Amino acid sequence: MTDTLTTAEPMLRLRNVAKTYTTGGKRFVAVSNVTMDVAEGDMVALVGPSGCGKTTVLKILAGLHDADDGEVRIGNGHTAFTPGRDVGMVFQQALLLKWRTILDNVLLPADILGLPKKASRERARDLLAMVGLAGFEQKYPYELSGGMQQRAAIARALVHDPKLILMDEPFGALDALTREKMNLEMLRIWRESGKTILFVTHSIQEAVFLGARCAVLTAGPARMADYFTIDLPADRTLDIKTTEPFGNYVKRIYGLLGF
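1. Things to note about the nonpolar core
For step 1, the next point in the chain: The biggest cluster of nonpolar side chains holds 51 residues, and the ones touching the most others in it are Ile-154 and Met-186.
For step 2, the next point in the chain: When residues in this core are grouped by element, the largest group, six residues, is from helix α6 (residues 146-158).
For step 3, the next point in the chain: For Met-186, the contacting residues outside a window of four places in its chain are Met-43, Ile-154, Met-167, Phe-171, Ile-197, Phe-199 and Leu-210.
For step 4, the next point in the chain: In terms of nonpolar packing, the next biggest core, distinct from the first, is built from 26 residues, Val-34, Val-38, Leu-46 and Val-87 among them.

Written as structure tokens, this is what we have:
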């Protein structure tokens, strides 16, 4: 395993994190051996097959599950970290409320947290503009395409200004061409927002294209096999997928997954 630890104080620090479930009297290892540091402002891709524990890692970081073993530290030690306030989530489905306008959907976390209404509405409008949805504030979810709904879901995850964004296969339900476009948009949104993002995907090419760093998780048993920096230009276009360095990273991940 390479590039796992950093000398600077990271925003996320995981050491030998493991999670086991018991169903029907049998123990099932969801994930093990997760050790990595994530610097503030990083985009880290978590890639691997179904059942390798990618979503379990996100749930632990979101405070939805406790790790059974290992150390999980979130934050740099100078400020308190509260998952409900400091984490934004984006799922495979946009999960927009059909009876709320797009603006009101984006405002949902701010409403739940009781944040100032005027400032939150201004931030929501700014975020909708950032994700390319200016002018769609008063539309309803059924009036937007799947890709546009996911843009709104990303804006919703950002509206309460969380420290950490967790994205669980956010483009998995989109068609191939829309997914490529959303990958480009995701890089732009990441650069403009400056947020720390953990991005779960089954797609090896998507992991290499989006990630500043990449964690590879394998199934049977579920474990973390590698964690490394992706040394490609930050300002990436789709043309980079045809280059030798990009192909080498793809081959590295294929090898780790046994192909």
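2. A few points about the layout of surface pockets
For step 1, the next point in the chain: As a volume, the largest pocket reaches approximately 350 Å³.
For step 2, the next point in the chain: Along its surface, the largest pocket is lined by 16 residues, and Val-87, Gly-88, Met-89, Pro-109 and His-160 are the ones closest to its centre.
For step 3, the next point in the chain: Examining the composition of the lining of the largest pocket, we find that four residues originate from one element, helix α4 (residues 108-113), more than from any other.
For step 4, the next point in the chain: Here the residues of the lining of the largest pocket are counted per class, giving twelve nonpolar, three polar and one charged.

3. A look at the sheet that holds strand β4 (residues 69-74)
For step 1, the next point in the chain: Strand order in the open sheet formed by three strands is β2-β1-β4, with antiparallel pairing between adjacent strands. If you trace the sheet from one side to the other, it starts and ends with β2 (26-38) and β4, each paired once. Across this sheet, the average inter-strand angle for adjacent strands is 30°, counted without regard to direction.
For step 2, the next point in the chain: Of the pairings in the sheet, the one linking strand β1 (residues 12-23) to β2 comprises nine bridges and is antiparallel in character. Residue pairing across strands places Arg-13 opposite Asp-37, the latter belonging to β2.
For step 3, the next point in the chain: Packed on one face of the sheet, helix α1 (residues 54-61) meets β1, β2 and β4 and runs near 110° to β1.

4. Quick look at empty space enclosed by the protein
For step 1, the next point in the chain: Scanning all chains against the criterion turns up one cavity of 30 Å³ or more.
For step 2, the next point in the chain: The set of elements that each furnish at least two residues to the lining of the largest cavity consists of α6, β6 (164-168) and α7 (176-193).
For step 3, the next point in the chain: Of the residues that constitute the lining of the largest cavity, the class distribution is nine nonpolar, one polar and no charged.

5. Considering the sheet that holds strand β3 (residues 43-47)
For step 1, the next point in the chain: Across the sheet, six strands lie side by side as β5-β6-β7-β3-β8-β9; this open sheet has mixed pairing. Each edge of the open sheet carries a strand with a single partner, namely β5 (87-90) and β9 (223-229). The sheet shows a mean angle of 15° between the axes of neighbouring strands, taken without regard to direction.
For step 2, the next point in the chain: One ladder, built from five bridges, connects β6 with strand β7 (residues 196-201); its direction is parallel. Its bridge partner being in β7, Leu-164 is matched across the sheet by Thr-196.

Calculation criteria
- Residues numbered from 1 in each chain as written.
- Predicted model: local features only at pLDDT ≥ 70, side-chain atom pairs only at ≥ 80, totals over all residues.
- Heavy atoms only, no water.
- Core = buried A, V, L, I, M, F, W, Y, C linked by side-chain atoms within 4.5 Å.
- Buried < 20%, exposed > 50% of the residue type's maximum accessible area, 1.4 Å probe, protein only.
- Helix = DSSP H or I, 4+ residues; strand = E, 2+ residues; numbered from the N terminus.
- Contact = heavy atoms within 4.5 Å.
- 1 Å grid on protein atoms, 1.4 Å probe; cavity = no way out; pocket = protein on both sides within 12 Å on 5 of 7 lines; lining within 4 Å.
- Points joined across faces, edges and corners; volume = space filled by probe spheres on them.
- Nonpolar A, V, L, I, M, F, W, Y, C, P; charged D, E, K, R; others polar.
- Pairing = 2+ DSSP bridges.
- Axes fitted to C-alpha atoms, helices over the stretch in contact; angles between N-to-C directions.

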